[in-house]
Amino acid sequence: MDLTKIAENSDLLITIQTNYESLRKSEKKVADYVLNHHEEIIHLTISELASKVSVSEPTIIRFCKKLGLSGYQNMKIQLAQIKKKPLAIIHEQIDTNDTIKEVANKVITSHIIALNETLKQLDFDTLSQVIKILTNSKSIDFYGLGGSGTVAIDVENKFLRTGLNTHAYVDSHIQLMRTSLLNQEDTIVIFSNTGNTKHFINLLEIAKKRKVSSILITSSPVSSLAKLADYVLSAKAKEIRYKKEPSSSRIAMMSIMDIVVTYVALIKQEQYIENIYLTREALSKDKLNND
């Protein structure tokens, strides 16, 4: 199974899935129809689709623009390029009758597709700017809530050996208080799957007043938070039924930060290597019988 080819052929449908929550109610009606009838739409005019979905033609045009498409015809062309077999694999949902092997295959495949999609659409210019901002910051705070909070903690752990001054905060009140005390020499990195959390909207407004640099890692690059953050890096993922937490999105977000911390380590090689030895020595003293 060529998962890279699957990802390439399904990009538009995954883009719709990842940006779904940022769409208006009428645009979600279009999204639902496209996801469930992508083969049919190839043969429909824009007026025919508008009639079937009970929305206006401008709504469909607006929906296409939000996906980064030039218009309805462009969407039809992309849908026509999607192959039937890969789609079946991507849109497989976990079923109560699935065996453990089938569940494992679907879960792991969804993660692999998420990573392929994330790599494919990474904005390397933005990534380069993010790395420059982080390496020159007096302090870096990683913020996340719920499942995204685990990403913030994991990323802080990865950054420990770089020598940068980093902290992870997963309590909303602490995040607000902390941001109110930062300034233009500091940077905050927010992990938010939906990109529409009210708490982080308030937090980014505080950051702007304090002239704090802000970086958003999200699965929804067209969202309220994306409009407020200074830099946005997008993680692409389609979650499957029975996964209550967006685990594929979390893995994609962590992978983006793995790229960042690896490149930072290359920039700060001497200090990074020294810190590896120091941390290994400290950890070795904490083990019993070298286990």
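None of the values given here were measured: they were computed from a predicted structure.

Asker: How do you make sense of the pattern of salt bridges when you look at a structure like this?
Answerer: If the charged atoms of two oppositely charged side chains come close together, the side chains can form a pair. Applying the stated rule across the entire model yields eight salt bridges. For Glu-40, the salt bridge is made with Lys-52, and the minimal N-O distance between the two is 3.5 Å. One end of the pair, Glu-40, is in helix α4 (residues 38-41); the other, Lys-52, is in helix α5 (residues 46-53), with 12 residues separating them in the sequence. On the basis of relative accessible area, Glu-40 is assigned to the partly exposed category, the value being 28%. Given the relative accessible area of 45%, Lys-52 is considered partly exposed. Among the salt bridges present, the one from Asp-230 reaches Lys-208, with a minimum N-O distance of 3.6 Å. Placement of the pair is Asp-230 in the loop between α14 (224-228) and β5 (231-234) and Lys-208 in helix α13 (residues 198-209), with a sequence separation of 22 residues.

Asker: Help me out: how do you make sense of the pairing of strand β4 (residues 213-218) in this one?
Answerer: The side chains of a regular strand alternate between both faces of the sheet. Summarising burial for β4: six of the six residues are buried, a large majority. The alternating pattern of β4 places Ser-213, Ile-215 and Ile-217 and Ser-214, Leu-216 and Thr-218 on opposite faces, both of which are buried. As defined by bridge partners, strand β3 (residues 186-192) adjoins β4 across six bridges and the pair is classed as parallel. Looking at β4, one finds that Thr-187 is bridged to Ser-213. Taking the sense of rotation as the criterion, the β-α-β connection linking β3, α13 and β4 turns out right-handed.

Asker: Explain the confidence of the model for the chain to me, please; I cannot follow it from the model alone.
Answerer: Caution applies to low-pLDDT parts of the model: their predicted coordinates are not meant to be read in detail. The pLDDT averaged across the chain works out to 85; a share of 87% of its residues lies at or above 70. Here residues 1-10 scores under 50 on pLDDT; set against residues more than four positions off or in separate chains, the count is 22 contacts.

Asker: What should I look at first to understand the sheet that holds β4 in this one?
Answerer: Two strands in a sheet stick together by hydrogen bonds in their backbones, pointing the same way (parallel) or opposite ways (antiparallel). Strand order in this open sheet of five strands is β2-β1-β3-β4-β5, and the pairing throughout is parallel. Two strands close off the open sheet at either side, each with one partner strand: β2 (166-169) and β5. Pairs of neighbouring strands in the sheet enclose a mean axial angle of 20°, with direction left out of account. The pairing of strand β1 (residues 139-144) with β3 spans six bridges and is parallel. Following the sheet pairing, Phe-142 is matched in β3 by Val-189. Most of the contacts of helix α10 (residues 124-135) go to β5, to which it runs at about 125°, and overall it touches β1, β3, β4 and β5. Here helix α12 (residues 172-180) sits on the sheet in contact with β1, β2 and β3, set at roughly 155° to β1.

The rules behind these values
Residue positions are given per chain, counted from 1 along the sequence in the order it is written. Local features in this predicted model are restricted to residues whose pLDDT is 70 or higher, and side-chain atom pairs enter the listing and the counts only when it is 80 or higher, whereas totals over whole chains, interfaces and linings include all residues. No hydrogens and no water enter the side-chain calculation; it runs on all heavy atoms of the structure. Counted as salt bridges are all cases of a side-chain nitrogen of Lys or Arg within 4 Å of a carboxyl oxygen of Asp or Glu. Helix and strand definitions here come from DSSP, where helices need a minimum of 4 consecutive H or I residues and strands a minimum of 2 consecutive E residues; each element is numbered from the N-terminal end. For every residue, the accessible area obtained with a 1.4 Å probe (protein chains only) is divided by the maximum for its type, and the residue is called buried under 20%, exposed over 50%, and partly exposed between those limits. A pair of strands counts as paired when DSSP detects no fewer than two bridges linking them. Seen with its strands pointing away from the viewer, a crossover is right-handed if its path from the first strand over the helix to the second goes clockwise. How sure the predictor is of each residue is captured by pLDDT, a score from 0 to 100. It only takes one pair of heavy atoms within 4.5 Å for two residues to be counted as in contact. With axes taken as lines fitted to C-alpha atoms, and helix axes fitted only over the stretch in contact, angles between N-to-C directions fall between 0 and 180 degrees.

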